[in-house]
Amino acid sequence: MRGVVWLRRDLRLQDQPALAAACADCDEVTPLFVFDDPLLRSRQFGSSCVTFMVSCLVELADTLAQRGLSLQWRRGNQIEEVLSFVEDVKADVIYWNRDYEPASIQRDRKVQQALMARGVVVRTFKDHVVFEAEEIRGSTGDPLQRYSAYRARWWTKWHAAPPPLLPSPAGLQKQRTGTSSPGITLPTVEDLGYQTIPLSIKPGEKEALRRLRWFLDGPIHHYVEGRNLPAIDGTSKLSPQFRFGTLSVRTAVHAALGTLATGSPVSRRDVLTWIDELIWREFFQQILSAFPHVASGPFKSKDGLPRPRPAGAEWNRLYAAWCEGQTGYPLVDAGMRQLNQTGWMHNRVRMVVASFLIKDLRIEWQSGERYFMQQLIDADLAANNGNWQWASATGTDSMPGYRIFNPLLQSRKFDPEGVYIRQYVPELAAVPTDRIHAPQLMTLNEQALAGCRIGKDYPLPIVDHRQAREEYLALGKQLVTR
Ligand SMILES: Cc1cc2nc3c(=O)[nH]c(=O)nc-3n(C[C@H](O)[C@H](O)[C@H](O)COP(=O)(O)OP(=O)(O)OC[C@H]3O[C@@H](n4cnc5c(N)ncnc54)[C@H](O)[C@@H]3O)c2cc1C
């Protein structure tokens, strides 16, 4: 039997359900990746995300080749390309791992219907999450909208039947030979219309597994505290690997729980808190899958929330300052510059910059969501949308609308010495620590000593946080009491 494995966001060999099933069923297996031209042209993603994806594919092509499988690629409209490829190689069966984004669900449905009409067997698998939306429901059978309830159900299901890990390809019984086409050359990032970016997070399955081991051997044991400190390497930085499936989330959960069983002096609370983050990831995946309207608007009505600032010159000025990291709030600026320079931003700072955009600048969250998608190396519709809706109080289980992060207090608390700020806002490098969080308070003499003139080398705050906060709350109150 001839099988095609359509790879999408599962660019790995280990614990890869579609690939494992194809290798078990078929005499000949051809892995296929399709570069989605309309999506690439839409510019929803940026160069760092595309560079990461291409690098993962290069590594995957290599590791597949070592096992006798030749990665094939096509470029164009995904549906048309998959259908014609299956016909070209005369496949009897196609395998893929399911994707939960609304557009992907529609695409997959169309491919499935067309192939089944041609007599091709379609086998799809759960992979991107531990539990799919349908597997975790409330007592009424509805999707759970509160994270705490979702999390409780998730653990109950895990303890009832922890999902097994699939054997790695090395453990598979037979070597498979795919379509014979030696030494394929994948398109470059530039061929795809993007620019190769030096990656701040190394791509690929090998690196994902290495980083997971490194994280589980050290930082995870201080995660509760470490995850809030942007100046240290205290989190896993596995988000782009989960995004492109170079690491299976089941592998990560099993490995993290495994550290509890080794007898080493690990902190149970730290490990479980890290797994909680993976459950947040799944929570947002199931929200997107159960409520696809969130992809194009708020989950719930915006009643009681202040209307965003209207478009115009002031909007343009404030939004540009936020994007460029020129707001005059050092923590916000460090975060935005980290994003622009590396394609990644620390989660604590993501929360601060999101709150700042929505509440201090009163710019609609969708603009922030779009900008993040275009810059992030881990750009993921479900996680990004879920977190922006959380920050804007329009999501299923959100931060309350009246809670507004104080960028100054966040900065003092989570980057007390200003190490992170100095790294990404070099013009503040010589500012004394007692002024680093609010450099506009420096005297002229202090500015001269620090080599940083406020208003010239570094901007004055573009808004006054206290005033912006009061305005936001007052506008919200007017709507509620009207
Ligand atoms: C405004 C905003 C936008 C975001 N956009 C994205 C995005 O596009 N893609 C993305 O993967 N994450 C996004 N996040 C979530 C989070 O910031 C990143 O997942 C995390 O910073 C990645 O770093 P890490 O791998 O070191 O995480 P760790 O702290 O090591 O966490 C482990 C994993 O859990 C998941 N995770 C952690 N925090 C969250 C969270 N809040 N929501 C969902 N999953 C989480 C990630 O897959 C992460 O790799 C966003 C958060 C905010 C506040």
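Here, the structure is the one placed above.
Summarised in this report is the structure supplied together with it. Everything numeric in this text was worked out from a predicted model, so none of it was measured. (Residues numbered from 1 in each chain as written. Predicted model: local features only at pLDDT ≥ 70, side-chain atom pairs only at ≥ 80, totals over all residues. Heavy atoms only, no water.)

### Thoughts on the nonpolar core
If you look at the biggest cluster of nonpolar residues, it comprises 128 residues, and the most contacted ones within it are Trp154, Trp274 and Trp322. For this core, the leading source of residues is helix 3 (residues 47-66), giving 10 residues. With sequence-adjacent residues up to four places away left out, Trp154 is seen in contact with Val130, Phe131, Ile136, Val253, Ile275, Ile279 and Glu282. Within the second largest apolar cluster, 16 residues are counted, among which are Val4, Leu32, Val111 and Val120. (Core = buried A, V, L, I, M, F, W, Y, C linked by side-chain atoms within 4.5 Å. Buried < 20%, exposed > 50% of the residue type's maximum accessible area, 1.4 Å probe, protein only. Helix = DSSP H or I, 4+ residues; strand = E, 2+ residues; numbered from the N terminus. Contact = heavy atoms within 4.5 Å.)

### Quick notes on the side chain of Gln286
Its place among the elements puts Gln286 in helix 11 (residues 268-290). Overall, Gln286 belongs to the buried group, its relative accessible area being 2%. The contact partners of Gln286, leaving out residues within four places of it in the chain, are Ala133, Ile136, Pro143, Leu144 and Tyr150.

### Details of the sheet that holds strand 4 (residues 93-97)
Spatial ordering of the open sheet is given by 3-2-1-4-5, a layout of five strands whose pairing is parallel. What marks the edges here is a single partner per strand, and that holds for strand 3 (72-76) and strand 5 (121-125). Going from strand to strand, the sheet's axes swing by 25 degrees on average, the running direction of each strand aside. (Pairing = 2+ DSSP bridges. Axes fitted to C-alpha atoms, helices over the stretch in contact; angles between N-to-C directions.)

### Structural notes on the environment of Ala438
Position of Ala438 among the secondary structure elements: in the loop between helix 18 (419-424) and helix 19 (444-450). On a C-alpha basis, the gap between Ala438 and Phe35 in space is 46 Å, while along the polypeptide they are 403 residues apart.

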